Each structure stands twice: as C-alpha cells, then as structure tokens.
2 protein chains.
Amino acid sequence: MQEKILQTIDAYGMLEKKEKLLLGISGGPDSIFLLYFFAGLVKEYKLRLVCAHFNHHLRDEADEEERFVRKTCAQLDIKCISAGKDVKSFFDGDSLEQTARNLRYDFFLNCARSEKIKKLALAHHKDDLVETVLMRIIRGTGLRGLRGFLPKSRYRGLTVIRPLVEIRKSEILSWLKAKEVSYCLDQSNLDEKFLRNKIRHKLIPLLEEMNPNISNGLFNLGISAGQDYEFIYAYSQKEFAALRNRSSRNQIGLDIEGLKKLSPAIFNNVIRIAIEELKGNTRKIDNRHIDEIRKLILYRPLGSLVDLPDFLVKKEDNMLILQSCVV
Amino acid sequence: MQEKILQTIDAYGMLEKKEKLLLGISGGPDSIFLLYFFAGLVKEYKLRLVCAHFNHHLRDEADEEERFVRKTCAQLDIKCISAGKDVKSFFDGDSLEQTARNLRYDFFLNCARSEKIKKLALAHHKDDLVETVLMRIIRGTGLRGLRGFLPKSRYRGLTVIRPLVEIRKSEILSWLKAKEVSYCLDQSNLDEKFLRNKIRHKLIPLLEEMNPNISNGLFNLGISAGQDYEFIYAYSQKEFAALRNRSSRNQIGLDIEGLKKLSPAIFNNVIRIAIEELKGNTRKIDNRHIDEIRKLILYRPLGSLVDLPDFLVKKEDNMLILQSCVV
C-alpha cells in the first residue's frame, strides 16, 4: 500500500524532499494511518513534520481524542500542536458541518503561519471521495460540486495534498489491524451523518449491483470534473477581471455587452465570481437566480432590477450593477 | 402543459414561425404526444410538418407500429415518411442500441435532405434525461456523458430540438388518457432495458428518499454539464486546429511544446478530438489511455511509442504523431 501512495504522490507532484509538512490529524483511523505513513517517510524524504489537531468540543470523547493524538505524536517523535474551540457557539444556523470545517481550516492556517509551513496533508481516501461525489449529486450540484475534493488543491496560500486519495478505507483498516496500531472511533459526521450512512450502506451497494466497478467510475468523474472546473473557473476569472468596470466596497459593475458575448458556462461562473467577491460566498444562490440575471440583461428594459438574497442587480446604460444590501 | 412546453421552446430558442420541421416518431406515448402537440401548433406557427418513422424490425409488433404511425399522421393531416432496416444485420458486436441509433439517425438525415428540412424534433422528456444522466454516472463518465442529451443540439448539419425536456412522463400519460389518444406500448430498450428498469424502479425511489427533489437536481446537472462541455469542447477544437501540424489520411501530428502548455481538461479533449478525427470515434478509449499519452509526452525519451486500440502514438522531435493501424 505504501508503494501505491508513493505513486499517487508522484503522479500529482505532491511532495519534494526536505519539505516541511503540516498534517491535519483527527485521531480517527484514516488520519492515524496518515501520521504513521509520514513518520515512516521522514528519513528517506528528510521531511520535517508538524501535526495539527483541532478539538471541536462537539462530543464527550473530544478531549480524550486530543490526548490520544498528542501521545501518538510523542511516540512517533512528531511535534504536535492542538487547540480547540466550542464549535456550537460559532454556529451561524446554516450548517454545523460547515462551521466546524471553517474553524478547523482557520486553525490549520494559523499553525502553518506560525510554523512557516506551506503545505497541509489531509487523510481523505477514495471512499470519502466516492461518498462526497454521491452526496453532492443527491443534494444537487453542478461541475463545481462534482469535484468532491482534489488530490492537490490550494486553500488561501496553502497547498493541500491528499496522498490517500487512491486508497480504500478497507486497506487502511487492514493495515492498522495488522500493525496493531490503535486509533479513536471515527468522528461522527454531524448533520451529514444520516445521509452519509444511507449512501454507504444502501446506495453504494445498489450501484455496485449495477456496476461492480462504480467506485472507480465515480472516482474518475470526481477527478475529471475537478480538472474541467479548474479550467472553466480560471477562464471565468480572466473574463471577470476584463469585464469589471467599476467597483466599490459594496458594489461591482460589469460591462453588459461583454457579458452578452460569453458562452453560458462562462457567464454563469463570471456572475458567481462577482457575487462571491461582493458577499464573500455564493450560498443561497442557485441556477434560477443566475437565470434571472441573464434574462434581466437580455430582455428587460434599462433601469430594471432583480432582488436576490442579500443583494440587488440593476441594469444601467451599458453596465450591470451588483449591489450589496447588507451594511 | 402546452404552455410549459411553449416556455421551453422559447427559453432555448427552439422554433420560429413558418419553419419546416421533421418529427422523429416511434409510435410510443411520448412521440405520439409530440405529434399531437405540433399538429395543434401548425396554424398559429404556420409550421410545415413531416413525420419520420424508422422501423427497426427488432420486434414482432414493428410493422403494426409503423402502420399505426402512418394512420395517426393521416388523421392529423401530417405527411409521413417511413422506412426500415433489419438492425440486427448491421450489428457490429459493440452495442445493438448504438447500431439502432446510428441507422435511425441516418434515416432522419436522409429524410431531412430529401425534404429540405434543417430541424428535427424528438420526444425525449425530463424522466428520460434524469435516467440517462444516472445511467451514464453508473456506467462511468466524465462531463461529456453527464450531459445526457441537450434541449437543443446539432447533428451533422441538422438542428435537433427536444421540446418535452421539461415535461414529466406522467404528465404525458395523463394528457393522452384524458384525450383518449391511443399509442403503442413503449419500445423495449434492447440491451439497456434491464439497467433502465432498475434505475427507474429501485435507484430513483431510493434517491428520492434522500432528496425528494432529486429529479430537478439531476436535470439541472445534465443541463449545466451540457453548457460546460460545450465551452470546453469548442475551446479544445480551436487548440487542436492551432497545434495540428501535419496530417495525412491515417496520421495526425500535434506540436508537443503546445500540448505541454494546455491545462489537463483541454489536453484530454484535444487528444480525444485528434483520435476522433483519426478513427471516427473514441470508443475503446478511456482515461488511462489519455494518461499514457500524457506520460509519453512528459517523461519518455524521443522515439518512444504507445500502442493503443487501433492506433499508435509516437514521440518525435517536437511532434506527437498519432497513426492509425487500421488499413
């Protein structure tokens, strides 16, 4: 299995010798395996490892898990930074999952800065990717969501690598059992838990009846959707920069004639990029909203308005104005 | 329901007044509904309609169905062209479904040419799209397959429209029942039948337990994947034309330095376009093959070869040569 992981690392250019690496470690089987894997690589690759553990304080066992990770790191001679926040007190009512993720990534970023590390390794594996792609399909998604997660990506200046992305969960569990390595039970997946379990125990077996090789198919779909989205997003960012004509803290102007010339795929993404810049995210925005903006541009008279969650879109002379309503 | 279909026609710019339209009609409920729908539109839109029915000779009832379509057309005062071929005798061992589809589309093209018609209307509806997207996901696909089918597309010089794409099968059946319109039983879906039935009766109900709105989600995914693929494909075609450096009947040369600069999504499509041009299709070609070509370019010495189904790829000085092995 180590051989297979090294091939993944190689194929996606994940690692160079003498690198300093932050490991995001929860205490569950996948991340404990990742910890042992990199501990075994230190000598050959001359790596410098720092483990980062975030305590979500969401379960009774959270503190015990933190102690377990610290102890394992001490045994493996890996520096460990741990910290925690009471996730529930930050919950904005949208998704506890998302709140937890945001706080955890903020913590990783802080660790990386204070340790002067530019790369974060996470323990997501192939089954995670397959389940994530299915979950996104079920909840409704486009290309962007289909990506699941990428083997190698960027997060605010940090390179994120997932060396286990081609490894099955069962392979990880077998290894841990064979080496008699202990780990904490998988952290419950909060509000996603019910859906994930149904996907794992009912949907995937049914899909496997129809195609025993479905996991590979979904894995490849996730990877290729990632590549496709990457290209479309980069292209759209360039177009956005070229069409952006006026902006202030709470409004963005886009050239209407330029917008009309874009193909639908790029138009959708340019509008999403503008909204993201204005609001910080595109939550609450779906295809119908983008379609209303398209119709505003194509069919409605000058001066018309579209009222969307937290912002307004106005059609002026030759400009589309997106204006934030949140002070 | 007519109102909803007219909205679809409007939204995708499917129809203009005074158009001459070819209707691809099987005799099943969906296409008989389409026939009645357009018959009701003739006056207002000043349409000229020609019905094209292809007899696959695959089932005992095929001739009866042909007579039924001719009779219905006579009642509605619509010109009807029908012809048939023994599909099984053309079967190339790959997919009977695909053989039937190719022969049927060839027939539609011939009808369009002889009648000087540039537009073909087909009866695919929303459930067809949802099932097709799921079938493609199950069999393994990328963006290209996710499209299912498009509301409006091109097929060798013919514009193909699917005005029922936002209508549910159940709506069609209710209308036919209410109007007491008769139709033939759905044509069996040949080798796809087993998988389609499992999708319809087991998979979709399970997905609906997880998200009652899943059909809309899959429908939107199909539409947006169509837009995304359209852009990526058009962009790749331009790059292919720019990088193509030498070619004869059975070989194509592509500039290697130019290929190296492409993002992965575009690289994959440029290679697929080259293979399609060389072989006429990209069947038997999967991601691993494209990946071998990528590795040939990046890592292997000049003069190296990759041997793929029906063709060879060679790395020469500054050229990648794709060469057909089929005489």
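Below you will find a few notes about this structure. Quick caveat: nothing in here was measured; it's all calculated off a predicted structure. Throughout, residues of each chain are indexed from 1 in the direction in which the sequence is written. Chains carry letters from A onward and ligands carry numbers from 1 onward, assigned in written order. The predicted origin of the model limits local features to residues at a pLDDT of at least 70 and limits the giving and counting of side-chain atom pairs to 80 or more, whereas totals for whole chains, interfaces and linings rest on all residues. Side-chain metrics rest on all non-hydrogen atoms present in the structure, leaving aside hydrogens and water.

1. Quick word on the pairing of strand β2 (residues 48-55) of chain B
Residue and element names in this part refer to chain B. Each residue's exposure class comes from its accessible area (1.4 Å probe, protein chains only) as a fraction of the maximum for that residue type: buried when under 20%, exposed when over 50%, partly exposed otherwise. Runs of E in the DSSP output that reach at least two residues are strands. Runs of H or I that reach at least four are helices, and both are numbered from the N terminus. Burial of β2 is extensive: seven of the eight residues sit out of reach of the surface. The pairing criterion for strands is at least two bridges between them, as found by DSSP. With five bridges connecting them, strand β1 (residues 20-24) and β2 associate as parallel partners. Directly across from leucine 21, in β2, lies its bridge partner leucine 49. The handedness of the β2 to strand β3 (residues 79-84) crossover, carried by helix α4 (residues 62-76), is right-handed. A clockwise course of the path from the first strand over the helix to the second, judged with the strands pointing away from the viewer, identifies a crossover as right-handed.

2. A few points about the sheet that holds strand β5 (residues 152-155) of chain B
Residue and element names in this part refer to chain B. The sheet built from six strands is open, its strands ordered β3-β2-β1-β4-β6-β5 with mixed pairing. Taken across any chain shown, the strands that pair with only one partner, and hence form the sheet edges, are β3 and β5. When the angles between neighbouring strand axes are averaged without regard to direction, this sheet yields 30 degrees. Alignment of β1 against strand β4 (residues 119-121), held across two bridges, turns out to be parallel. Directly across from leucine 22, in β4, lies its bridge partner leucine 120. The strands touched by α4 within the sheet are β2 and β3, with β2 carrying the most contacts at an inclination of about 170 degrees. In this description, contact between two residues means that some pair of their heavy atoms is separated by no more than 4.5 Å. A fitted line through C-alpha atoms serves as each axis, taken over the contacting stretch for helices, and the angle formed by two N-to-C directions is quoted from 0 to 180°. Along the sheet, helix α6 (residues 96-115) makes contact with β1, β2, β3, β4, β5 and β6 (158-161), crossing β2 at roughly 150 degrees.

3. Here we look at helix α7 (residues 126-139) of chain B
All names here are of chain B. Multiply 1.5 Å by the residue count of a helix minus one, and that product is the helix's expected span. A rise of 1.5 Å per residue sets the reference length of α7, with its 14 residues, at 20 Å; its end C-alpha atoms lie 20 Å apart and thus fit the reference within 8%. Most of α7 sits out of view: 12 of its 14 residues are buried. Among the residues making up α7, those that are buried are Lys126, Asp127, Asp128, Leu129, Val130, Glu131, Thr132, Val133, Leu134, Met135, Ile137 and Ile138. Looking at the residues trailing α7, positive phi occurs at glycine 140, about 100 degrees.

4. Observations concerning the environment of glutamate 316 of chain A
Residues and elements named next belong to chain A. Mapped onto the secondary structure, glutamate 316 falls in the loop between β10 (311-315) and β11 (319-324). Glutamate 316 sits 19 residues away from isoleucine 297 along the chain, and the two C-alpha atoms are 9.7 Å apart. With sequence-adjacent residues up to four places away left out, glutamate 316 is seen in contact with Arg246, Ile256, Leu302 and Ile321.

5. Looking at the relation of the copies chain A and chain B
Least-squares superposition of the copies uses the C-alpha atoms of those residues scoring a pLDDT of at least 70 in each of them. If you rotate chain A by 180 degrees and push it 0.0 Å along the axis, it lands on chain B with an RMSD of 0.1 Å. Both copies of the chain, as the preceding transformation shows, are related through a two-fold rotation axis.

6. Considering the packing of helix α2 (residues 29-39) of chain A against helix α9 (residues 169-178) of chain A
Residues and elements named next belong to chain A. Between α2 and α9, whose axes approach to 10 Å, the crossing angle comes to 65 degrees. The interaxial crossing formed by α2 with α9 has left-handed handedness. Where α2 abuts α9, its residues Pro29, Asp30, Ile32, Phe33 and Tyr36 lie against Lys169, Ile172, Leu173, Trp175 and Leu176. Across the contact of α2 with α9, the residue classes tally to eight nonpolar, no polar and two charged. Here a crossing is called left-handed whenever its near helix is offset anticlockwise from the far helix by less than a right angle, and right-handed whenever the offset is clockwise. Put simply, Ala, Val, Leu, Ile, Met, Phe, Trp, Tyr, Cys and Pro go in the nonpolar bin, Asp, Glu, Lys and Arg in the charged bin, and everything else, Gly too, in the polar bin.

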